[in-house]
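Fold and contact review
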Amino acid sequence: MNTVTIIMAIVAGTATVLGAYCAKMLTEWAKKNIAPLVALAAGIILGTAVLELLPEAIELSPTWSYWLLGGFLLFFILEKFVVAHACTAHKKQKHEHTSAKTAVLGIGLHSLVDGLLIGLGFEVSATVGIIATLAVVIHEFPEGIFSYTLLAHSGVGEKRALYYSWLIALATPIGAIVTLLLVNHWSGSTIGSLLALTAGNFFYIATVDLIPETNKASALSSILLVIVGIMSVYILKTVL
């Protein structure tokens, strides 16, 4: 199972890199086709948080609600800090390099949590691990597009933006490996708390980052794709 976990984390990290290269080579295509993918990703992430992560967290941790809220607030604060810093740096040339570093740290931390989730998922069960990996992969691709675009326009240049995208991608398998090394020392309550934390992260991604982006597509297609994403998690949960 350890080998499978690491392989799945590498696959998830690769999705970030693919998104970055897509943004570099197919800029117009990425802009036109990102909204449907984002809607599907929002559904899968919501479904994973509600149908998989929260039930496990509630069963394992009596303080799951605090960790859920904490996970949401943590990434709200982190993203506000990164975006605000990036916007300031975009206006002021002397801060551009600092902005890139801040963006890499923020997005890299998010990818690290994704790796943590994959590692925890496979520790709970193969079903949770597979669904968690699917959720991470489906949102890492548009995240790769976003991170490359942000970095490329913060003054670091296209080559360095790709280099930073690789660093961000590496954070996912690193997070999974760290989880595998430490999980045997964690109690069931700790694992449940961390699952709730990542569920809060997923709620933030779906409701704040992804769903607003679906407004770029037609209302009907966005609603249908979100529902398809949720149903795909339900079907996987039932079949596996």
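Everything that follows concerns the structure shown earlier in this document.
Only a predicted model underlies this, so the values are computations on that prediction, with no experimental measurement involved.

**Points about the overall build of the protein chain**
If you tally the helices and strands in the protein chain, you get eight helices and zero strands. What you see in the protein chain, going N to C, is helices and strands ordered as α-α-α-α-α-α-α-α. Across the 240 residues of the protein chain, 47% fall into the buried class. Partitioning the intrachain contacts of the protein chain with sequence separation of at least 6 by distance along the chain shows that 86% fall at a separation of at least 24. Accessible surface for the protein chain amounts to roughly 11500 Å². Of this, 72% is attributable to carbon and sulfur atoms.

**Some details on the nonpolar core**
Ile-45, Leu-117, Leu-195, Phe-202 and Leu-210 are the most contacted members of the largest nonpolar core, which has 50 residues in total. When contributions to this core are tallied by element, the ones reaching two or more residues are helix H1 (2-25), helix H2 (27-60), helix H4 (96-124), helix H5 (126-152), helix H6 (158-182), helix H7 (188-210) and helix H8 (219-239). Take this core: its biggest share by element is twelve residues, from H2. The contact partners of Leu-195, leaving out residues within four places of it in the chain, are Leu-53, Glu-56, Ala-57, Leu-60, Leu-117, Leu-120 and Val-124.

**Side note on the pattern of salt bridges**
Under the counting rule described, the total for this entry stands at one salt bridge. For the salt bridge of Glu-52 with Lys-237, the shortest nitrogen-to-oxygen distance reads 3.5 Å. Here Lys-237 lies in helix H8 and Glu-52 lies in helix H2, a separation of 185 residues in the sequence. Assessed through its relative accessible area of 36%, Lys-237 is described here as partly exposed.

**Here's the deal with the packing of aromatic side chains**
Tallied over the full model, the rule gives three aromatic pairs. Centre to centre, the rings of Phe-76 and Tyr-204 are 6.3 Å apart; their planes meet at 65°, and the pair counts as edge-to-face. One end of the pair, Phe-76, is in helix H3 (residues 64-91); the other, Tyr-204, is in helix H7, and 128 residues separate them in sequence. Judged by its relative accessible area of 2%, Tyr-204 is buried. Members of the aromatic cluster, connected to one another through ring pairs, are Phe-72, Phe-76 and Tyr-204.

**A word on the environment of Ser-222**
Mapped onto the fold, Ser-222 is located in helix H8. Counting along the chain gives 186 residues from Ser-222 to Pro-36, while the straight-line C-alpha distance between them is 6.6 Å.

**Side note on a nonpolar patch on the surface**
Taken together, the side chains of Leu-109, Leu-112, Tyr-163, Leu-167, Leu-170, Ile-174, Ile-177, Val-178, Leu-181 and Leu-182 make up a nonpolar region of the molecular surface, amounting to roughly 850 Å² of accessible area. Of all the secondary structure elements, the ones that give two or more residues to the nonpolar patch are H4 and H6. Of note, Val-178 is situated in helix H6. When its relative accessible area of 37% is taken as the criterion, Val-178 is described as partly exposed.

Cut-off values and rules
- Residues numbered from 1 in each chain as written.
- Predicted model: local features only at pLDDT ≥ 70, side-chain atom pairs only at ≥ 80, totals over all residues.
- Heavy atoms only, no water.
- Helix = DSSP H or I, 4+ residues; strand = E, 2+ residues; numbered from the N terminus.
- Buried < 20%, exposed > 50% of the residue type's maximum accessible area, 1.4 Å probe, protein only.
- Contact = heavy atoms within 4.5 Å.
- Areas by Shrake-Rupley, 256 points an atom, 1.4 Å probe, with all protein chains shown as cover.
- Core = buried A, V, L, I, M, F, W, Y, C linked by side-chain atoms within 4.5 Å.
- Salt bridge = Lys/Arg side-chain N within 4 Å of Asp/Glu carboxyl O.
- Phe/Tyr/Trp six-rings, centres within 6.5 Å; stacked < 30°, edge-to-face > 60°.
- Patch = residues over 30% accessible without salt bridge, like charges linked within 9 Å, V, L, I, M, F, W, Y side chains within 5 Å.

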